[in-house]
Amino acid sequence: MGTYAAVVLAGGAARRMGGVDKPALPVGGRPMRDRVLAAVSDATPRVLVGAADAVPPGVRVVREDPPGGGPAAAAAAGLALLDADITLVALLAADLPLLTGAAIGDLLEHLDRETTDTEPPGGGSAPASPGRSGPDGERAPDGACFVDGDGRRQSLCGVWRVAALRAAVDRLTFERGGSLSGAPVRALLAGLVVREVAWSGEGPPPWFDCDTDEDVRRAEEWTR
C-alpha cells in the first residue's frame, strides 16, 4: 500500500464525562490518545487534532477551526497538513484505547484488495481519485471502516483515500456556506463509497470507544 498517514481527532467536549480531557485519560497506564498513536506508529505523518500538552515524538499537533468545531472541521485541519503525494489516511478517534496495528493492517489490506480488483487493463495501478470505477462500472471504494455486530459503521476507525476526503471537505464546506463548524462526520462522509469490514481478529473490538467512565473501566479490564 505504500506510505499512509494518520489523523487522530482529539477535540471532543466529553460532555458525558464532565468535560475532562478524555483522550488524556489513562488506560493500561497510557493516555488513550497515545495508545491510538502507537497503533499507527508506521504512519507518516501522524497528526493529532486537538489540544495536547505532550505527545509522542514525531507527532504533529494542530487545532481545528474553530477550536471545538467538531469532527468534520478537525478532519479538514488534519488533512491540510498532508503532503500531496500521500494517498491514504487512517482517520481515527482519539478514544479508541483497544485499537491495534493489526486492525489498521486489516483495513489497509481490504482497501488494497479493492484496488487490485480494479486495476485497469494492461496492468499498472488505477489513480486514487474520487469516483474511480472498477471494470464492472461500479465505483471503487473511497475507504474502508469497521462495522460492529449490528452493522453500524465505525467511521472514525477507518482508512480513506485522501483525494476522496479532500473532495468531501470541499463539498461540505460549500454546502454549509464556507464553515464546517458543528458538522458531524456522517455529513463529511456522505456519498463516499465505503468498504465495510467485520472484525475477525482475536480480542476486544478495535473500535471500542470510551464515552463514559464505565467504558474506560471496561477498556482497562481488557488491557489487563
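Above this text is the structure in question.
Novice: What is the right way to read the overall build of the protein chain from this model?
Specialist: Within the protein chain, the regular secondary structure consists of 6 helices and 9 strands. The buried share among the 224 residues of the protein chain stands at 46%. Expressed as a percentage of contacts within the protein chain between residues at least 6 apart in sequence, the contacts between residues at least 24 apart total 66%. Within the structure as shown, the protein chain displays about 10,500 Å² of accessible surface, and the carbon and sulfur contribution to it stands at 48%.

Novice: Could you clarify how one ought to interpret the pattern of salt bridges in this entry?
Specialist: In a structure, side chains of opposite charge can pair up when their charged atoms sit close to one another. Taken as a whole, this structure holds 9 salt bridges when the rule is applied. Here arginine 171 and glutamate 175 are joined by a salt bridge, their closest N and O atoms 3.1 Å apart. Of this pair, arginine 171 and glutamate 175 both sit in helix 4 (residues 162–175), 4 residues apart, roughly one helical turn. For glutamate 175, a relative accessible area of 52% puts it in the exposed group. A salt bridge links glutamate 214 to arginine 217; its shortest N-O distance comes to 3.0 Å. With glutamate 214 and arginine 217 both in helix 6 (residues 213–222), this residue pair falls 3 residues apart, about one helical turn. The partly exposed category is assigned to glutamate 214, whose relative accessible area is 41%. Accessibility expressed as a relative area gives 47% for arginine 217, which makes it partly exposed. When salt bridges with common partners are traced through the structure, they connect Lys22, Asp95 and Asp211 into a single cluster.

About the cut-offs
- Along every chain, residues carry numbers that run from 1 in the direction the sequence is written.
- Only residues with pLDDT of 70 or above have their local features reported here, since the model is predicted, and side-chain atom pairs are shown and tallied only from 80 upward, although totals for entire chains, interfaces and linings are computed over all residues.
- Computation of side-chain values covers all heavy atoms of the structure but excludes hydrogens and water.
- Secondary structure follows DSSP: runs of H or I at least 4 residues long count as helices, runs of E at least 2 residues long count as strands, and numbering of each begins at the N terminus.
- The cut-offs for exposure are 20% and 50% of the maximum accessible area for each residue type, with area from a 1.4 Å probe on protein chains only; residues under the lower value are buried, those over the upper are exposed, and the others partly exposed.
- In this analysis, two residues are considered to be in contact whenever any of their non-hydrogen atoms come within 4.5 Å of each other.
- Only the protein chains shown count as cover for residues, and the accessible areas themselves come from Shrake-Rupley with a 1.4 Å probe.
- The working definition used for a salt bridge is a side-chain nitrogen of Lys or Arg within 4 Å of a carboxyl oxygen of Asp or Glu.

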